[in-house]
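Working through the structure, step by step
As a plain string of letters, each chain reads:
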Amino acid sequence: MKKQITKAAAMGMAAAMAATLLAGCGGAASSTAASSTASSAATSTDAASAEAGSYTDYTAGFPEKVTIQIPVYDRGFEGWDVTNNYYTQYVQKEFGDKYNINVEYVSVGRSTEVQDYMQMIAAHTAPDIIMHYDMPQAVNYYSEGAMQDVDYDEIAFYAPSYWASMQSTVETYGKLDGKNAFIFAERDPIYYNFVRLIRQDWLDQVGAEMPTTWEELQAVLAKWKEAGLGTMSEQLITKSFTYEYGFIDAATTDDEKALYLDLNVAPFTWSATENYLKARNTQYNAGLLDSEFYLNTEEPQYKAKFVAGQSGIYALYMSSGTDVISSLLANDPEAKLAVMPASALASADSHQYYYQYPPYGMIMGINADTSAEERAAVYMYLDWMIQPENLFFMQHGIEGETYTLDADGIALQNADYTGEAKLSQNNNKDYWCLVQEIANYGDEAKDLTSNKVTLAPAGYEDLIQQAYDYDKLDQQYGIITPIFTKAIESSSEYAADLNALWQEAYVDCVTCAPEEFDAKYAEYKQEYLDAGYQEILDEKQSLIDSGDVLQIK
Amino acid sequence: MSMRATKQKATPAANTLGLHKKGLAFYLKRDWQLYALMLMPLVFVIVFKYMAYGGLSIAFKNYKVAKGYAGSEWVGFKIFEKIFNHRDFGPAVYNTLLLNILDLVFSFPMPIILALLLNEIRVKWFKKTTQTLLYLPHFLSWVVIGSVSLQMFSVNSGVVNTLIANAGHSPIPFLQDDAWWLVTYVAIGVWQSMGWGTIIYLAAITNVNSELYEAARVDGANRFQQCLHVTLPCIRSTIVVLLIMNLGKLMGGSFERILSMSNAKATEFTTTIPVLVYRWGIQSGKFSESTALGLFQSVIGLALVLLSDAIAKKLGEDGLL
């Protein structure tokens, strides 16, 4: 009997708890509903005001406090609070307080950004700006319904400086299915800072010249092997598919490039991929490639092999903060480094084609839940950030403390500065990347000097010079991925499955015996097409035929 | 308090009878600390096990994150049709069953054998030390085990293959070849779980009536025969309960165990249902498909538990439910 009562009591408690929790949930749901009606109401009033051609002027500040949420990448650096630091407080003080805006930063994991965003979008807690560096994923966000269309006149009204600088870029590339979907940050690079480091001391030891083609590189690797030095290592290719560029046929048409080039889906069935895999297969079987390259799933594993002297080539986005050179020297004080030209990864039959960024930086959309006031405040934020003096402050900090100006007006960072105004990685880039991708002085010589001091560890400025020189030689071979002006639905449908299959297929094709290669490749090719790639190709082809693709020169 | 006192005075012998005349409020008031304590796990179960059920509805919807649960349209069993026709679905079901059946065959009996062996050890300190050493792997996370095993079994630089090479044999691709991967996967699973699994059997063995052993000895049974005819039958119900619980996991299995040991070279057996749920749901944001697959897995799991429970009851055991 007692047991029964206890049971009943437990049930009662459970029911009460459940009721409270459900009530809580119901509350949340209804408030979401309320906010969505509010935002649709806001949209309709906004539409009305747009028709009238007038927008409320907020230059004197918002009558009621408006909170905007700005995304910022969290790269997981110790001792750095991405959402609350000297610079976020500075923005609040200099911009927010002036217009009665509360600027709230929302951290987004750099390596988990898509997952983070998807979860926040589902919970309706995503920041007012939804951003991504590459077009396919930005299109995915838009297709999910996470972004609202933007009104160009409204941007021009609230962000005149931003609009003056970005208008043509936004109007050219920001449309999707005929709607105004995206706005951008400016990208005006003087060169490409992706750098391939090679062990110059190893080259000297075997008496080899700097390789300038894939074939020459293999000869160098063979000499290294003979001398008992390291191999060439690789990180397992799982995303951002640009591996095939050095093997693209010189006669490839623009339409073919539009069909196959895609950062999100590996063009496994393309001849460039076949050539690439075949070259890698030969390299692997000759013992010149790290025999367990497929275990390097993360960057640190790939880096560790270079630092430990097991491999002699390492590619990275060069920055002054990199520890790869100091770690290598700690292991081997005799190590000397040079930059290897991109052509060393391109077959002699091809050219040193490389992935060239489109003329825009960050791709941004306005959150579908964002109200008219918040939207105005977001545009005002972008406009504040793009003002040269604000941008310079965000990029360099306080003169005399974090940097000093040299005779040419170039900011020289004070590496010993440890105070509260210390900048985060890459000169605070994650805060100003919404308006500009690469800091510049508007003068190429100045920019190069500046890059040498900001991008290379002290004493290695020459690596930047070498990268710059090679880049000038290669410039004609940059290929910008053509942009589809309509969403490719099959791509988001099959990308993850194809990616899993790609890893299996590519590792198998590289590691199999040379005589098995052709049969294996043919077999995987069919499997890849069946797994959804054929549908993607068909969809892309029909978009190419209907002219829904932008070729960028 | 006073009520209780009067009652006791009136009928001192009928304390138990008096109980059901008291209201719920009385017990809540008297034992509120106990109820408060119980509330914590209760809330946990409700929030994380029952409230989540609402989300299952997206298995029947074309779920778009920005539209939310309410705003996405119902599509009936379309999502299920889609996943059943997916090229990875068949292999995933096959691999899940294969890995879990292998696990059941090798990992399930090991703790029983080990418990019987440990039970026979008479030197106390040796028994305790052995037990502790056997428990240890249980406390390592699969991520740690996975990365350590990738290091140890590396073909070029792994400790194991260096030893094999030094002994004059060619290295074995423990984790780099499909068939070897399967062997390594199962072996590491046995190593990780066998020690911890013995605890429950050792507890059951302590409960065995010692008179049974005496009787067996009188009948001339040796140590092995005692073990076979006394200990084993006495812990049979424990074994059956654990077996039923394990059968329920046949369609599930540890996701992180596979993910942490998988690599791009040996992929034949690594596409399982939990891995697909992760790939679809977390990696590519196809929440409807992912939920439908998870639901499918759970329904089969429930059916397996009910079936094995029914069979156990037919065989005269207590069963689980």
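The sections below set out a description of the structure shown in this document. (Residues numbered from 1 in each chain as written. Chains lettered and ligands numbered in written order. Predicted model: local features only at pLDDT ≥ 70, side-chain atom pairs only at ≥ 80, totals over all residues. Heavy atoms only, no water.)

Examining the packing of helix H7 (residues 89–107) of chain B against helix H8 (residues 109–120) of chain B
Residue and element names in this part refer to chain B. Heads up, the condition is: Only the stretch in contact is used when a helix axis is fitted, and all axes are lines through C-alpha atoms; the angle between N-to-C directions ranges over 0 to 180 degrees. Secondary structure elements are taken from DSSP: a helix is a run of H or I of four residues or more, a strand is a run of E of two residues or more, and numbering for both begins at the N terminus. Angles below 35 degrees are treated as roughly parallel, those above 145 as roughly antiparallel, those between 65 and 115 as roughly perpendicular, and all remaining angles as oblique. Residue contacts are counted whenever heavy atoms from the two residues lie within 4.5 Å of one another. Residue classes follow a fixed rule: Ala, Val, Leu, Ile, Met, Phe, Trp, Tyr, Cys and Pro count as nonpolar, while Asp, Glu, Lys and Arg count as charged, and any other residue, Gly among them, counts as polar.
Interhelical geometry of H7 versus H8 gives an angle of 10 degrees and a closest axis separation of 5 Å. In terms of axis orientation, H7 runs roughly parallel to H8. Across the interface between the two elements, Leu104, Val105, Phe106 and Ser107 from H7 touch Pro109, Met110 and Pro111 from H8. Here the residues of the contact of H7 with H8 are counted per class, giving six nonpolar, one polar and no charged.

Here we look at the sheet that holds strand E9 (residues 313–317) of chain A
Residue and element names in this part refer to chain A. Convention followed: We call two strands paired when DSSP finds no fewer than two bridges between them.
With respect to topology, three strands assemble into an open sheet ordered E9-E8-E10, the strand pairing being antiparallel. Whereas interior strands pair on both sides, the edge strands pair on one side only; in this sheet they are E9 and strand E10 (337–339). Between one strand and the next, the sheet's axes are offset by a mean angle of 35 degrees, whatever the strand orientation. Sheet topology note: the strand E8 (residues 194–199)/E10 ladder contains three bridges and is antiparallel. By the bridge assignment for E10, leucine 197 is matched with valine 339.

Examining the pairing of strand E12 (residues 360–367) of chain A
Residue and element names in this part refer to chain A. Quick reminder of the rule: Relative accessibility decides the category of a residue: with a 1.4 Å probe and only protein chains considered, values under 20% of the type maximum give buried, values over 50% give exposed, and everything between is partly exposed.
Counting buried residues in E12 gives eight out of eight residues, a clear majority hidden from the surface. As paired strands, strand E3 (residues 129–132) and E12 are joined by four bridges and run antiparallel to one another. Pairing of methionine 131 across the sheet is with methionine 364, part of E12. Strand direction decides the pairing type here: strand E4 (residues 147–148) and E12, joined by two bridges, are antiparallel. Across the sheet, the residue bridging to glutamine 148 is isoleucine 366, located in E12. Taken together, the three bridges between strand E7 (residues 183–186) and E12 define a ladder with antiparallel strand orientation. Considered in E12, the bridge of phenylalanine 184 is made with isoleucine 363.

So, empty space enclosed by the protein
Residues and elements named next belong to chain A. The criterion, for reference: Definitions used for this entry: grid spacing 1 Å over protein atoms alone; cavity, a set of points where a 1.4 Å probe fits but cannot get out; pocket, an open set with protein on both sides within 12 Å along at least 5 of 7 lines; lining residue, one with an atom within 4 Å of a point. Grid points are joined across faces, edges and corners, and a volume is the space filled by probe spheres set on the points.
In total, this model carries four cavities of 30 Å³ or more according to the counting rule given. By volume, the largest cavity amounts to about 410 Å³. Lining the largest cavity are 29 residues, with Met135, Pro136, Asp262, Thr481 and Pro482 sitting closest to its centre. The dominant element in the lining of the largest cavity, judged by the number of residues it contributes, is helix H4 (residues 135–143), at four residues.

Looking at the layout of surface pockets
If a probe the size of a water molecule is rolled over the atoms, the empty space left behind becomes visible. When its volume is computed, the second largest pocket comes out at roughly 1000 Å³. Along the wall of the second largest pocket there are 35 residues; nearest its centre are Ala52, Leu56, Thr291, Gly294 and Ser298 of chain B. Elements represented by at least two residues in the lining of the second largest pocket include exactly helix H3 (113–122) of chain A together with helix H4 (32–50), helix H15 (236–248), helix H17 (273–283) and helix H18 (287–314) of chain B. Among the elements that make up the lining of the second largest pocket, the one with the highest residue count is H18 of chain B (11 residues). Partitioned by chemical class, the residues of the lining of the second largest pocket number 20 nonpolar, 13 polar and two charged.

Details of a nonpolar patch on the surface
All names here are of chain B. Definition in use: Surface patches are defined over residues having more than 30% relative accessible area and no salt bridge, joining like charges when they lie within 9 Å and nonpolar side chains (Val, Leu, Ile, Met, Phe, Trp, Tyr) when within 5 Å. What sets the accessible areas is the Shrake-Rupley method with a 1.4 Å probe; for residues, cover comes only from the shown protein chains. Each reported salt bridge corresponds to a side-chain nitrogen of Lys or Arg within 4 Å of a carboxyl oxygen of Asp or Glu.
Among the surface-exposed residues, Leu140, Val144, Val148, Met152, Val159, Leu163 and Trp191 lie close enough to one another that they form a single nonpolar patch of about 610 Å² accessible area. Sorting elements by how many residues they give to the nonpolar patch places helix H10 (residues 142–152) first, with three residues. Considering the arrangement of structural elements, one finds tryptophan 191 in helix H12 (residues 178–206).

Regarding the side chain of threonine 291 of chain B
Residue and element names in this part refer to chain B. Which entries qualify depends on this criterion: Any pair of N or O atoms that falls within 3.5 Å is considered a polar contact. Within protein, one atom must be able to donate a hydrogen and the other to accept it, and sequence-neighbouring residues count only if both atoms are side-chain atoms.
Relative to the helices and strands, threonine 291 is located in helix H18. Engagement of the side chain of threonine 291 in a polar contact is seen with the backbone oxygen of phenylalanine 287, the distance being 2.6 Å. What threonine 291 contacts, discounting residues up to four positions off in sequence, is Gly55, Leu56, Ile58 and Ala59.

A short note on the nonpolar core
Residues and elements named next belong to chain A. Condition: In this description, a nonpolar core means a group of buried Ala, Val, Leu, Ile, Met, Phe, Trp, Tyr and Cys residues linked to one another through side-chain atoms lying within 4.5 Å. What marks off one domain from the next here is an automatic or database domain assignment.
Residues Ile68, Phe95, Tyr162, Phe182 and Tyr381 are the most contacted members of the largest nonpolar core, which totals 86 residues. Here this core gets 10 residues from one element, more than from any other, and that element is helix H13 (residues 372–386). Residues lining this core come from more than one domain, with at least three contributed by each of domain 1 (55–188 + 360–438) and domain 2 (194–355 + 478–550). Counting 73 residues, the second-largest nonpolar core is a separate cluster that includes Trp214, Leu259, Val265 and Leu498.

Fair warning: the whole summary comes from geometry, so function is off the table for now.
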